[in-house]
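A look at the structure
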Amino acid sequence: MRLAPRPKTFASGAALVWRWQRILWWIFIINLALAYWATKGMAERADWALSHSVASGRLVNGFDLFSLAELAGQPDTPIEQPGPAVFHYSFIFAIFMLFATGGILATYVFDAKPTATAFFEACGHHFWRFFRLVIYLMLALIPVAIFTVICRVMRNRIDAVSNSPRSADFFFIGALLIILLLIMVLRLWFDMAQVIAVAEDETRMHRALRHSASLLAHNFGSLFWLYLRISLLAWIVVGLGMYLWMFRLSPLSTTAAFLLTQLMLVFWIAARLWQRASEALWYRQYQAASVTELAYTPTPSPQPAPIPYSTAMN
Amino acid sequence: MRTYLTICTAGALLLFARGTAPPPQLQVVNGQSTPSPSQPNGALSTRVVAYTIDAKLNTTNHSIDATETLVYRNLTGQPQQTFPFHLYLNAFQPQSTLMTEVRLHGARGVGSDSGWDEKHRASITINKLEVEGVDLAGKMQFIQPDDHNTNDHTVFQVTLPQPVAPGASVEFHITFHDELPEVLYRTGYKRDFYMIGQWFPKVGVWWKNAWNCHQFHADSEFFADFGTFDVNLTLPQNEIVGAAGDLISTVNNPDGTKSMKFHSADIHDFSWTASPDFTVVEDSWTGSAGPVKIHVLMSPGHMSSASRYIQAQKGTLAWYDKWIGPYPYPRITIVDPPHGAGNAGGMEYPTLFTASTAWFMPREFLVPEDVVNHEFGHQYWYGMVATNEFEDAWLDEGINSYMEAKSMDALYGPKTSMVNFPFATLGISDLLRLEYISLPDTDPLTRFSWKYISDNAYGGVTYGKTGTVLLTLEKIIGEDTMLAAMHEYFLRYRFKHPTSEDFLKTIEDVSHRDLRWYFDQAVYGTNVLDYDIWDAHSDRLNWWEKEIRGKNPNEELHRTYVTVHRKGDFIFPVDVVVKFEDGSVATEYWDGSDRWIRYIYDRKAKLASAEIDPLNQVRLDRNSFNNSFVVQEDNRAIHKLHNIWIFGSEWVSQLLAWLS
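We now turn to the structure provided with this report.

1. Observations regarding the overall build of chain B
- Per the secondary structure count, chain B includes twelve helices and 35 strands.
- A compact globule built from 660 residues should have a C-alpha radius of gyration of about 26 Å, and chain B, at 29 Å, falls within 12% of that.
- For chain B, the spread of C-alpha atoms along the principal axes amounts to about 105 × 75 × 50 Å.
- Considering only contacts within chain B whose residues lie at least 6 apart along the sequence, 70% involve residues at least 24 apart.
- Per element, the accessible surface of chain B, about 24,400 Å² overall, is 52% carbon and sulfur.
- Of the side-chain charges in chain B, 54 are positive and 81 negative, and the distance between the mean point of each set is 4 Å.

Following this line, the structure appears as structure tokens:
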């Protein structure tokens, strides 16, 4: 079935995130705490080298790339490669988010203040279902990865034969945009499957995916535009924040820089929750429309009056 | 112009004379080369070789067919019967020494794990080698003086029927065929672009009383004698050509080709480039030796960098003219390789070099400027002061890197000459130091270029460490004296083949200092320089008495200890500045001969800070962060860094969480 575009979903989704903003702050705090722990050891080692050194001034007054590289290049390096710790803590965060998504979606779908017990029950209830969805998502990403590789090969071929240095790069930028949109569509599809799993207590994820795909196929424009608008807004805000941080903020303003970077992150998380809340809201409206339709379907009237879904929803 | 530039520096350059006549001399007065009466032709160099090459480029199968006449003048002082020649293009074969070394540790952007690709195969074949009417092609013998790799055919020698008497000449008539590679190691083709370097049989150099003719290595460049080049190139009429010589004539042939004649003198190599897609941009600059035509050949999509190339070229010409000496050639050609031909970029040839840029190159990222500056610098350190790049790579790449740091920092700012964004900066001298500190102790500067432990060590030591060694030398003899020494070195050895000792001796001569202690460690040794503040603190002098509450601590005498430690094995004198809370300062000088020294002060004021080398002149110190101790903790730098790391970590988390 097809639902007409509903401009209110966009704003109502934001209102839903605002209403249950406690979710946002918890995610933010956990993300920040894990990132802090991931980098704490490195910071402590660097602190040992920097806090009592005149040379650290080169990092305070502006940002001398050489000083950072010099620090990293020392044999008793104060800065170890942060990769493993950051990856480990990021992995923990990803698992946490997989766990919390059930509770978050239950809150948005049912739009009722959950108790801690109910929230975590929902988290646990849906965890393994969502875990299976992650595996399906990985499989779905394989064709995208193949497409990316093909685009890269084509880029290299264009680069090899074209006299213009721009042709290959422009081609690849265009391809990356398509890949980005494909990934967004995939995420939209799987997000909807998660909403269905929560709203319908669907245990079979392949059925949730089929249902989600059907909804997406019939309402692609409105759903994708909903997602894209929020993504664009998030990218603009983060881009603006980066610009302020790099070009406008005084290099001495460490506190302001911290607040600005965290503000960017809060908005980014909020945007992601906004997408989920909007989708949950959209699905609630869809459910309501389905009920309305069901109420009229069995009417044995020889000429049942069709009810526009938009009217039914208003 | 600095005072020392106005002082007359007389030098003499041996010039070739036919037969047994004594070689004419070139007088050097006020930095200007003036031929002596016995040198009527105004030659700048001892012209040992005279090459006449007639070459035809085949753009269909990327090959060159050519004839070469080489007149070699025997100035070796002894009869010569056996002559070695370079055949550099034979290095582009999988079992060559160059490719074997690439496979071992990579070089020039080619990774050690990269496989062999047939498009990179190249060769140079000699079809005929005739001397005095006798074809000696059958007597050619490939030799491998460096590694005995019999699969390497980059050097051959031929023995003549009769020896060439001292002072006499011999003419070699050679017919050869080049198969060009897709651009690799500076030379080859890419689509319709050609960069043709090291493309003809080139005779070795009689140097240090022996023939010097090394194989082509992954980490080595070239060495050749000065002379004249008369080159006739035949190629399609639509080709736009740049070459290391003056264009004498162009004739369009009936078969759709054209023949272009070039002449050049007092250079030791001849390279050229061709592409129908070049856009020619011309400018000129006038220095103390007269006007210099700047000839820029821009590839498609790169035009926005043309003005940056020219601006950098003019600035560098002016800087060299002021500090080092005049550029004597009437032209300089800058070749901008097209995209995909990056391996041809950033390479120097006499009076012609290749630059490097991209279609998107922010002004704050000074790559085009730096490459022009560096490669033009090689016109002095390689082009004119023609050191042996196989054996003394530090004398061309290293000295040139030092000059690059000096000139780029002067032109674009010491901290902003490489990257100049509001949020991040980087200077060339810092970049050199960064290369050095990554591998400070693997090889001495004087290591033969192909004998470094790795390609990274070759780069880090030859470019980075040499530059840093010379920047640190300024601390000992002063910046002005150092530049004066460079000027003197140029005047003494332009159009010659100086050695490492020639360079070091010149510095000692100009500075009137015995610097062996420094050269032994920094040039010939692998010593590491690292000083640190081992301990710095203040203690109450009457520490055994209890502190009296309410008593002003500044009324008490404190004993301050500052212990300076030499962590590395490099002995270098340093200044130590100790500051106290009342603003008073104590400056110490330590020769660094012992492993540590402790300074003790009895003052009312307590220690504020202790710092080694406060002016940051000892650039060889591999860790500047341990050079100081400030009592008052300052966490701003670590807070700033930690914020960046946290932010980055949060984004990695968000990326992974996207999957959930």
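Having seen the structure, we can now continue with the description.
2. Some details on the packing of helix α9 (residues 479-493) of chain B against helix α10 (residues 500-511) of chain B
Residue and element names in this part refer to chain B.
- Relative orientation of the contacting elements α9 and α10 amounts to 130 degrees, with a least axis distance of 9 Å. Comparing their axes, α10 and α9 come out oblique. Considering how the two elements wind past one another, α9 and α10 form a crossing that is right-handed. Two secondary-structure elements touch here, α9 through Thr481, Met482, Ala484, Ala485, Met486, Glu488, Tyr489, Arg492 and Tyr493 and α10 through Asp502, Phe503, Thr506, Ile507, Asp509, Val510 and Ser511.
- Of the residues assigned to the contact of α9 with α10, the class counts are nine nonpolar, three polar and four charged.

3. Looking at the interface of chain A and chain B
- The partner chain B presents 58 residues to the 80 residues of chain A that form the contact.
- Counting across the interface, chain A meets chain B through one salt bridge.
- Between Arg433 of chain B and Glu70 of chain A there is a salt bridge, with the nearest N and O atoms lying 2.9 Å from each other.
- Breaking the side of chain A that touches chain B down by element, the ones donating at least two residues are α2 (21-50), α3 (57-60), α4 (65-72), α5 (83-110), α6 (116-161), α7 (165-199), α9 (220-248) and α10 (254-296) of chain A.
- Residue contributions to the side of chain A that touches chain B peak at 13 residues, all from α2 of chain A.

4. What about the sheet that holds strand β10 (residues 155-164) of chain B?
Residue and element names in this part refer to chain B.
- Taken in spatial order, the four strands make up an open sheet running β9-β10-β6-β14, and their pairing is antiparallel. Of all the strands in the sheet, just β9 (141-142) and β14 (202-203) have a single pairing partner and so form its edges.
- Looking at chain direction, strand β6 (residues 80-86) and β10 are connected through six bridges and run antiparallel. Counterpart to Gln80 in the pairing with β10 is Val164.

Conventions adopted
Residues numbered from 1 in each chain as written. Chains lettered and ligands numbered in written order. Predicted model: local features only at pLDDT ≥ 70, side-chain atom pairs only at ≥ 80, totals over all residues. Heavy atoms only, no water. Helix = DSSP H or I, 4+ residues; strand = E, 2+ residues; numbered from the N terminus. Rg over C-alpha atoms; globule rule 2.2 N^0.38 Å. Contact = heavy atoms within 4.5 Å. Areas by Shrake-Rupley, 256 points an atom, 1.4 Å probe, with all protein chains shown as cover. Lys, Arg positive; Asp, Glu negative; His and termini not counted. Charge placed at Lys NZ, Arg CZ, Asp CG, Glu CD. Axes fitted to C-alpha atoms, helices over the stretch in contact; angles between N-to-C directions. Parallel < 35°, antiparallel > 145°, perpendicular 65-115°, else oblique. Left-handed = near helix turned anticlockwise from the far one by under 90°. Nonpolar A, V, L, I, M, F, W, Y, C, P; charged D, E, K, R; others polar. Salt bridge = Lys/Arg side-chain N within 4 Å of Asp/Glu carboxyl O. Pairing = 2+ DSSP bridges.

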